[in-house]
Amino acid sequence: MSGAGAADRDHVDGSGIRVAIVAGQWHDEIAGGLLAGAQREVERLGATAEVIPVPGSFELPVVAKAALEAGFDAAVALGVIIRGGTPHFEYVSDAATSGLTRVAIDAGKPVGFGVLTLDDERQGLDRAGLPGSKEDKGAEAVHAAVSTVVTLRRLRVLA
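One structure accompanies this document, and this report is about it. (Residues numbered from 1 in each chain as written. Predicted model: local features only at pLDDT ≥ 70, side-chain atom pairs only at ≥ 80, totals over all residues. Heavy atoms only, no water.)

1. Focus: the overall build of the protein chain
Helix and strand counts for the protein chain come out as five helices and four strands. Seen in sequence order, the protein chain has helices and strands lined up from the N terminus as β-α-β-α-β-α-β-α-α. The C-alpha atoms of the protein chain give 15 Å as radius of gyration, which agrees with the globular expectation for 159 residues (15 Å, within 12%). The principal-axis extent of the C-alpha atoms belonging to the protein chain is close to 50 × 30 × 25 Å. Sorting the 159 residues of the protein chain into buried and exposed places 43% on the buried side. When contacts within the protein chain are restricted to residue pairs at least 6 apart in sequence, long-range pairs at least 24 apart make up 80% of them. Carbon together with sulfur atoms contributes 56% to the accessible area of the protein chain, which is approximately 8,100 Å² in total. (Helix = DSSP H or I, 4+ residues; strand = E, 2+ residues; numbered from the N terminus. Rg over C-alpha atoms; globule rule 2.2 N^0.38 Å. Buried < 20%, exposed > 50% of the residue type's maximum accessible area, 1.4 Å probe, protein only. Contact = heavy atoms within 4.5 Å. Areas by Shrake-Rupley, 256 points an atom, 1.4 Å probe, with all protein chains shown as cover.)

2. Considerations on the packing of aromatic side chains
Across all of its chains, the model carries zero aromatic pairs by this definition. One cation-aromatic arrangement involves arginine 18 over phenylalanine 72; the distance from NZ or CZ to the ring centre is 4.2 Å. (Phe/Tyr/Trp six-rings, centres within 6.5 Å; stacked < 30°, edge-to-face > 60°. Lys NZ or Arg CZ within 6 Å of the ring centre and 35° of its normal.)

3. Regarding the packing of helix α1 (residues 28–45) against helix α5 (residues 137–158)
Relative orientation of the contacting elements α1 and α5 amounts to 40°, with a least axis distance of 6 Å. By the criterion of interaxial angle, the relationship of α1 to α5 is oblique. When you trace α1 past α5, the crossing you get is right-handed. Facing α1, whose interface residues are Leu34, Gly37, Ala38, Glu41, Val42, Arg44 and Leu45, α5 presents Lys137, Gly138, Ala139, Val142, His143 and Val146. (Axes fitted to C-alpha atoms, helices over the stretch in contact; angles between N-to-C directions. Parallel < 35°, antiparallel > 145°, perpendicular 65-115°, else oblique. Left-handed = near helix turned anticlockwise from the far one by under 90°.)

4. Side note on α5
Relative to the 32 Å expected for 22 residues at 1.5 Å per residue, α5 spans 31 Å between its end C-alpha atoms, a close match to the ideal helical length. At its buried positions, α5 is contacted by β1 (18–24), α1, β3 (74–82), β4 (111–118) and α4 (121–127). (Expected span 1.5 Å × (residues − 1).)

5. Considering the pattern of salt bridges
This model, assessed by the stated rule, comprises twelve salt bridges. Of the charged contacts in the structure, one is a salt bridge between arginine 44 and glutamate 41, with a shortest N-O distance of 2.9 Å. Separated by three residues within a single helix, arginine 44 and glutamate 41 lie in helix α1, roughly one turn from each other. Arginine 44 gets classed as partly exposed once you look at its relative accessible area, which sits at 37%. (Salt bridge = Lys/Arg side-chain N within 4 Å of Asp/Glu carboxyl O.)

6. Thoughts on the nonpolar core
Counting 24 residues, the largest nonpolar core has Val19, Ile30, Val76, Val142 and Val146 as the members making the most contacts within it. Secondary-structure elements contributing two or more residues to this core are β1, α1, β3, β4 and α5. The biggest single contributor to this core is α1, with six residues. Contact partners of valine 142, with chain neighbours within four places excluded, come to Ala38, Glu41, Val42, Leu45 and Val76. Val54, Leu60, Ala75 and Ala77 belong to the second-largest nonpolar core, a separate cluster that totals 14 residues. (Core = buried A, V, L, I, M, F, W, Y, C linked by side-chain atoms within 4.5 Å.)

7. Quick word on the layout of surface pockets
The space that makes up the largest pocket amounts to roughly 250 Å³. When contributions to the lining of the largest pocket are tallied by element, the ones reaching two or more residues are β3 and α3 (88–107). Looking at the lining of the largest pocket residue by residue, the class counts come to eight nonpolar, six polar and one charged. A volume near 160 Å³ is recorded for the second largest pocket. Pro61, Val62, Lys65, Glu69, Gly99, Arg102, Val103, Asp106 and Ala107 together form the lining of the second largest pocket. Mapped onto the lining of the second largest pocket, the elements with two or more residues apiece are α2 (60–69) and α3. Per-element accounting of the lining of the second largest pocket gives the leading share, five residues, to α3. In the lining of the second largest pocket, the residues fall into four nonpolar, one polar and four charged. (1 Å grid on protein atoms, 1.4 Å probe; cavity = no way out; pocket = protein on both sides within 12 Å on 5 of 7 lines; lining within 4 Å. Points joined across faces, edges and corners; volume = space filled by probe spheres on them. Nonpolar A, V, L, I, M, F, W, Y, C, P; charged D, E, K, R; others polar.)

Shown next as structure tokens:
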């Protein structure tokens, strides 16, 4: 399980930080777990969030970009891509990953990456923050985004 090297999710003060949670709708159970974990972490950190549903992972970059342009401090992209028997998995995974990276760099704002690229459904259930899951990738994505907002704000004060 990849969680062995995960960073601690220490408490960060997310007060005043607005997060757009852009959530793909494929694979209901796994996607629902990611979203619930993300929402729990937003609350735990004292940030605020708006959930913006999108059809799937391919649509995540363009909506994350629009959310950041609309004034959100960070976006968190949640999606589930499960490998099948065609190259579709590689195309969608690459488009989502590359697109979200570009959005973050172009906007100068963090995009938490909660897109699961999986070989099978079991891997997703293990990472979705559901009862019995080994990891909570939705919460991890929010924590990374909010922590990065705090770091960027600190750097701007120091500049």
